[in-house]
Amino acid sequence: MSELAVDLTHGDAHHDDHADHGPQGWLKYLWSTDHKVIAMQYMFTGMFMALIGGFMAYVFRMQLAFPGIEVPGYFGSVSPGEYNALVTNHGTIMIFWVAMPVLLAAFGNYLIPLMVGADDMVFPKINRLSFQVFFVSTIVILASLVVEGGGFAGAWTAYPPLSADSTYNLTPLGSTLWLIGVGLEFVAFLLGGINFITTLMNSRAPGMRAFDVPIVVWMIVVASILFMLSVGPLLAGAIMLLFDQTLGTGFFNPATGGDPILWQHLFWFFGHPEVYVVLLPAMGVVIEIITTFARKKLFAYRTVIFTIVATGVLSFFVWAHHQFVAGIDPRMANIFTVTTLLISVPIAELCFIYIATLYRGSITLSTPMLWGLAFVAEFLIGGVTGIFLGAAGADIYFHDTYFVLAHFHYTFFPIAIIGTFAAFTYWFPKMFGKMMSERLGKWHFWFTIIPFNVIFIPLFVLGMGGQHRRIYNYQHFPELAGDGFQSMRIIATVALLVMLAAQFIFFYNCFRSWRAGAKASKNPWKANSLEWTTESPPPHGNWRPDRMPVVYRGPYEYSVPGREKDYWPQNEPK
Amino acid sequence: MTAHTTILPFRPRPERRRKLVSNGVLGMLLFVFVEVMLFAGFISAFVIIRSRAIGSVWPPPNQPRLPFEETAVNTAALIASGVLLLIAQRMHLRALAAAKAKLSRGSPASQPPPPSPLPASPGVALLLAAATLLGGTFVALQGVEWVALIREGLTLTSSTYGALFYTIIGAHALHAVVAIGVLVWAVAQLLRERLTGEAISTVALFWYFVVLVWPFLYIQVYL
Ligand code: HEM
Ligand SMILES: [Cu+2]
């Protein structure tokens, strides 16, 4: 009897929440408050921006490999100012308009309510507002590229005085729009983050205890907390920088008693936690995939949670490792060396947890699993090279060389690209109700992974050879212009062309599967978490109001001895 | 595979859990955390720039002093407003609980109480209005103070001192103005007998933030 009461009252609540179904037809996609629609909006905007960021990489890599070339598709050759604007906005877009919206916002929005068994986010209208602000920010950043004077060209880190004074950067409009765009984007993610955290806290299905929540949800929520705790100081800095640009204050100008290093502190106090903001969701995605395709229980669930909390706390105490050459006190540099080396411990721990989970599992090498495994392998290289950079002594040499660039691409690429493909191929059947082609998926995988390594391994070597970042034509520097160096640049660029071309396989695969793929069942991977208990794709409200799920156990009960099936959905009583 | 033979404890069919903190309050709490960090960023910028002052003279010699004593009055008004709001909130929550108890006594326990006008005692209305008014006084006095300071030559561009002052105190004033707007909304909701417990707690939380962050700014910036 009491069971019935629980379900009935919940059904009522559901209807109250969705009293306004909003407009119908295509308008419904513009004004929908459904978390799945908002997730798609974030996802497609992010993918569109990825194409733009990828095009930028193509243009400036062409210039580096073949200086002065008329880049096909770019209408001419690349001027030094344009080169700087391209690398600046490539970085900005890939981090703030690709990694964040796709991994955090799109998958956060899609997965959190489905995985905790809720019908929607707790604040659907704030959620919609979040995307609308994000959309405006996208328009602003794109507009900043084409206004008079060109796009901002002072690097994604926007250090003053270059960023603060248009007599230096020569892009008065571009740099202000860039700053406003980034600021708006932060506001969008704040609104999203409030929703994520509150939904996990307050909307879990009956019976879902803290340690029954799938790791990816925990990861996204911890990432949101990190973002929200770190972004305030940067917003303060951004307001001050905006005033420096437009009102003539001198916060970052030493001539008026300001301090240019202050910006670096405010930026990196946010900037380092930010790398974990994008890392954690990707790590969570990989955990879901590895457990499903190894048919094994996650090794050390609680340790994972405590590890990411430890990582989150530590990530607030490492920021000055970006500033070893900025004239900071050497004693401070020592402290930050120690904290930086410390933070690689929990990260390494997570890698061991992956391996322990895989150990003696019955592994299926499906496309999502390939992406998941590639994430672990490639990210490892990024993490290990970070340790070299964290040691202040080594970093004085490495700073701002291509070694740093290769390091963070070995972290960001696995996160933003490999992690996204892993998540996308894994949840595609749920999102679109169709199965993707495995054969095309594997072609796409290999033609992305191999070129990726061919692009970036030469860049490590170039960096160790002393090649600095953000230089438009290395032929101007005799010691960097040698044939050996130039051929490495050409190899990297050619590999990039191959990789970009391979993305057409992906888009073709998406399109074909969406139109003509095999229909996906509710639970094609035989996984345990709640999103696999509803239709593919899930209806508005996710489950029928009288069939909202109830949870009996954690999400990783695979191959439990004595059970007939090798999986055990969270909502099955027995 | 011995590690796998642990038998999961059987769990009975779970009941719907009670929320520890209501949605609105939790959301606002998170928002306030971000705001706290925003002001922490401003304050650290202030401290760093002050520490670089030439000859450690702060405020810079040719710049007007900030009216520390007058602002004390202002500060008192703001804190009083926070206290009044706290009393109003507690009174309203108690009234709501009492009304709910009365309702459920009349009807069978299994049925949720029908939606009905929420209590709106004149006491709560008066307290809320007074808190809003005191908040308005704070902002108004500050406006007067800014006009005087600008006349004396302290502007955004006259020095980093002026720039910091207007940016930080201005950011706080902006929050105060928005919060006063929200308080006015709360009064209106109360008079229309629609002010829920969650709403008043959410609104009040934002105002407490505005009130409590002020002394820190006051001591740092004005002293
Ligand atoms: C084990 C973990 C890591 C360590 C020890 C580490 C260490 C470092 C250090 C010391 C630098 C500064 C190098 C310099 O500028 O001279 C650096 C740069 C960078 N790292 Fe990492 N890192 C780690 C993980 C990550 C992750 C997970 C990401 C991204 C998601 C990342 C992204 C970056 C970026 C973007 C930069 C360059 C910023 C710039 O100057 O433009 N790192 N890393
Ligand atoms: Cu860092």
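Criteria and thresholds
- Every chain is numbered independently, its residues counted from 1 as its sequence is written.
- As they are written, the chains are lettered A onward and the ligands numbered 1 onward, keeping that order.
- Under the rules for a predicted model, residues below a pLDDT of 70 receive no local features and side-chain atom pairs below 80 are neither given nor counted, while totals for whole chains, interfaces and linings still include all residues.
- Note: side-chain values were computed over all heavy atoms of the structure, leaving out hydrogens and water.
- Numbering of helices and strands starts at the N terminus; helices are DSSP runs of H or I of at least 4 residues and strands are runs of E of at least 2.
- With the radius of gyration taken over C-alpha atoms, the globule rule is written as 2.2 Å times the number of residues to the power 0.38.
- Residue burial is assigned from relative accessible area. The probe radius is 1.4 Å, only protein chains are included, and a residue is buried under 20% of its type maximum, exposed over 50%, and partly exposed in between.
- The criterion used for residue contact is that any of the two residues' heavy atoms lie within 4.5 Å.
- Using the Shrake-Rupley algorithm and a 1.4 Å probe, accessible areas are obtained, with residue cover drawn only from the displayed protein chains.
- Working convention for charge: Lys and Arg count positive, Asp and Glu count negative, and His plus the chain ends are omitted.
- Here the site of a charge means NZ on Lys, CZ on Arg, CG on Asp, or CD on Glu.
- Between the rings of Phe, Tyr and Trp (Trp by its six-membered ring), a pair exists once the centres lie within 6.5 Å; its type follows the angle of the planes, with under 30 degrees stacked, over 60 edge-to-face, and the other angles tilted.
- Two limits define a charge over a ring: the Lys NZ or Arg CZ must be within 6 Å of the ring centre, and within 35 degrees of the ring normal.
- Any N or O atom pair separated by 3.5 Å or less is treated as a polar contact, with the protein-specific requirement of one donor-capable and one acceptor-capable atom, and with residues adjacent in sequence counted only for side-chain atom pairs.
- Counted as donors are the N, O and S atoms within 2.8 Å of the metal, or 3.2 Å for Na, K and Ca, while water is not among the atoms, so some sites may look incomplete.
- By convention, the term buried area covers the 1.4 Å-probe accessible surface removed from two parts as they join, with the contributions of both added.
- Each salt bridge in this description consists of a side-chain nitrogen of Lys or Arg and a carboxyl oxygen of Asp or Glu lying within 4 Å of one another.
- One heavy atom within 4 Å of a molecule or strand makes the whole residue count as near it.
- Each residue carries a pLDDT score, the predictor's own confidence in it, on a scale running from 0 to 100.
- Working convention: axes come from line fits to C-alpha atoms, limited for helices to the stretch in contact. Angles between N-to-C directions cover 0 to 180 degrees.
- These descriptions rest on fixed angle ranges, namely under 35 degrees for roughly parallel, over 145 for roughly antiparallel, 65 to 115 for roughly perpendicular, and the rest for oblique.
- Throughout this entry, Asp, Glu, Lys and Arg are counted as charged residues, while Ala, Val, Leu, Ile, Met, Phe, Trp, Tyr, Cys and Pro are counted as nonpolar. The remaining residues, Gly among them, count as polar.
- Helix crossings get a hand from a simple test, with the near helix turned counterclockwise from the far one by less than a right angle marking a left-handed crossing and a clockwise turn marking a right-handed one.

*Asks:* It is not clear to me how the overall build of chain A should be interpreted in this structure. Could you clarify?
*Replies:* Regarding its fold elements, chain A presents 16 helices and 0 strands. Scaling as 2.2 N^0.38, a compact globule of 574 residues should have a C-alpha radius of gyration of about 25 Å, and chain A matches this with 24 Å. Dimensions of chain A along its principal axes, counting C-alpha atoms only, are 80 × 50 × 50 Å. The buried share of chain A, reckoned over its 574 residues, is 62%. Put simply, 80% of the contacts in chain A that link residues at least 6 apart link residues at least 24 apart. For chain A, the accessible area works out to roughly 21,300 Å², and carbon and sulfur atoms hold 70% of it. Averaging the positions of the 31 positive and the 34 negative side-chain charges in chain A gives two centres separated by 12 Å.

*Asks:* Got a minute to help me understand the packing of aromatic side chains in this structure?
*Replies:* Each aromatic ring pair is specified by the distance between its two centres and by the angle formed by the two planes. Residue and element names in this part refer to chain A. Inspection of every chain in the model, using the stated rule, returns 71 aromatic pairs over all chains. Considering the side-chain rings of W263 and F267, the 6.0 Å spacing of their centres and the 35° angle between planes classify their relative orientation as tilted. With a gap of 4 residues between them, W263 and F267 both fall in helix α9 (residues 260-294), about one helical turn apart. As far as burial versus exposure is concerned, W263 and F267 are alike and both buried. Relative to W268, the ring of F267 has its centre 5.0 Å away and its plane inclined at 85°; by these criteria the two rings are edge-to-face. A relative accessible area of 3% means that F267 is categorised as buried. A residue is classified by how much of its surface remains accessible, and W268, at 6% relative accessible area, is buried. Geometry around W568 places R553 over its ring, the cationic atom sitting 3.9 Å from the centre.

*Asks:* What's the story with the side chain of N127(A) in this structure? I'm lost.
*Replies:* Residue and element names in this part refer to chain A. Residue placement: N127 occurs in helix α5 (residues 124-146). Of note is the side chain of N127, whose polar atom sits 2.8 Å from the side chain of N109. Here N127 is in contact with H35, I38, N109, M121 and N195, once residues within four sequence places are set aside.

*Asks:* What exactly am I supposed to notice about the coordination of the iron atom of ligand 1 here?
*Replies:* Under perfect tetrahedral coordination by four donors, a metal shows angles of 109.5 degrees; under perfect octahedral coordination by six donors, it shows angles of 90 or 180 degrees. Exactly one donor from the protein chain reaches the iron atom of ligand 1: H407(A) (NE2), at 2.2 Å. With respect to the helices and strands, the residue H407(A) is situated in helix α14 (residues 402-432).

*Asks:* I tried to follow the interface of chain A and chain B on my own but got confused; where do I start?
*Replies:* Interfaces are often sized by the accessible area lost when the parts come together. The interface of chain A with chain B comprises 53 residues on the first partner and 35 residues on the second. Approximately 4,100 Å² of surface area, both sides summed, lies buried where chain A meets chain B, with 66% of it carried by carbon and sulfur atoms. There are 1 salt bridge connecting chain A and chain B. A salt bridge links D259(A) to R52(B), with the shortest nitrogen-to-oxygen separation between them at 3.8 Å. Linking chain A to chain B there are 3 residue pairs in polar contact (both at pLDDT 80 or more). Counting residues per element, the ones that place at least two in the side of chain A that touches chain B are α1 (2-17), α7 (172-202), α8 (215-246) and α9 of chain A.

*Asks:* For this particular structure, what's the right way to read the site of ligand 1?
*Replies:* Residue and element names in this part refer to chain A. As a matter of local geometry, ligand 1 sits amid 26 residues, with W156, D395, H399, H407 and R469 nearest to it. Within the side chain of W156, an N or O atom sits 2.9 Å from an oxygen atom of ligand 1. The side chain of H407 places a nitrogen or oxygen atom 2.8 Å from a nitrogen atom of ligand 1. Looking at the shell around ligand 1, the elements that each hand over two or more residues are α9, α11 (330-358), α12 (367-390) and α14.

*Asks:* I would appreciate a short explanation of the confidence of the model for chain B in the present structure.
*Replies:* Should pLDDT be low for a region, the predicted coordinates there are not to be read in detail. Confidence in the prediction for chain B averages 88 pLDDT; 91% of positions are at 70 or higher. Under a pLDDT of 50 for its full length, residues 1-5 of chain B has, in the predicted model, 5 contacts with residues more than four places off or in other chains.

*Asks:* Explain the coordination of the copper ion (ligand 2) here, please?
*Replies:* All names here are of chain A. Around the copper ion (ligand 2), the protein contributes the donor atoms H272 (ND1), H321 (NE2) and H322 (NE2), at 1.7 to 2.1 Å from the metal centre. Sequence spacing of the donor residues for the copper ion (ligand 2), all on one chain, is H-x48-H-H. Taken as a pair, the copper ion (ligand 2) and the iron atom of ligand 1 show a spacing of 4.6 Å. Residue H272 is located in helix α9, and its partner H321 is located in the loop between α10 (301-314) and α11; the two are separated by 49 residues in the primary sequence. This pair shows no difference in class: H272 is buried, exactly as H321 is.

*Asks:* Looking at this structure, how should I read the packing of helix α1 (residues 23-51) of chain B against helix α5 (residues 197-222) of chain B?
*Replies:* Between two packed helices, the angle of one axis relative to the other and the distance separating the axes together describe the packing. Residues and elements named next belong to chain B. Contact geometry of α1 with α5 gives a least axis separation of 9 Å together with a crossing angle of 10°. Here α1 lies roughly parallel to α5, going by the angle between them. Among the residues forming the contact of α1 with α5, the class breakdown is 16 nonpolar, 5 polar and 3 charged.

*Asks:* Help me out: how do you make sense of the packing of α8(A) against α1(B) in this one?
*Replies:* Packing of α8(A) against α1(B) leaves a shortest axis separation of 7 Å and a crossing angle of 45°. With respect to their mutual orientation, α8(A) and α1(B) come out oblique. Of the two elements, α8(A) crosses α1(B), and the hand of that crossing is right-handed. Each of M228(A), L229(A), V231(A), G232(A), P233(A), L235(A), A236(A), I239(A) and M240(A) in α8(A) lies in contact with α1(B), whose residues at this interface are L30(B), V34(B), M37(B), L38(B), G41(B), F42(B) and A45(B). A per-class count over the contact of α8(A) with α1(B) returns 14 nonpolar, 2 polar and no charged.

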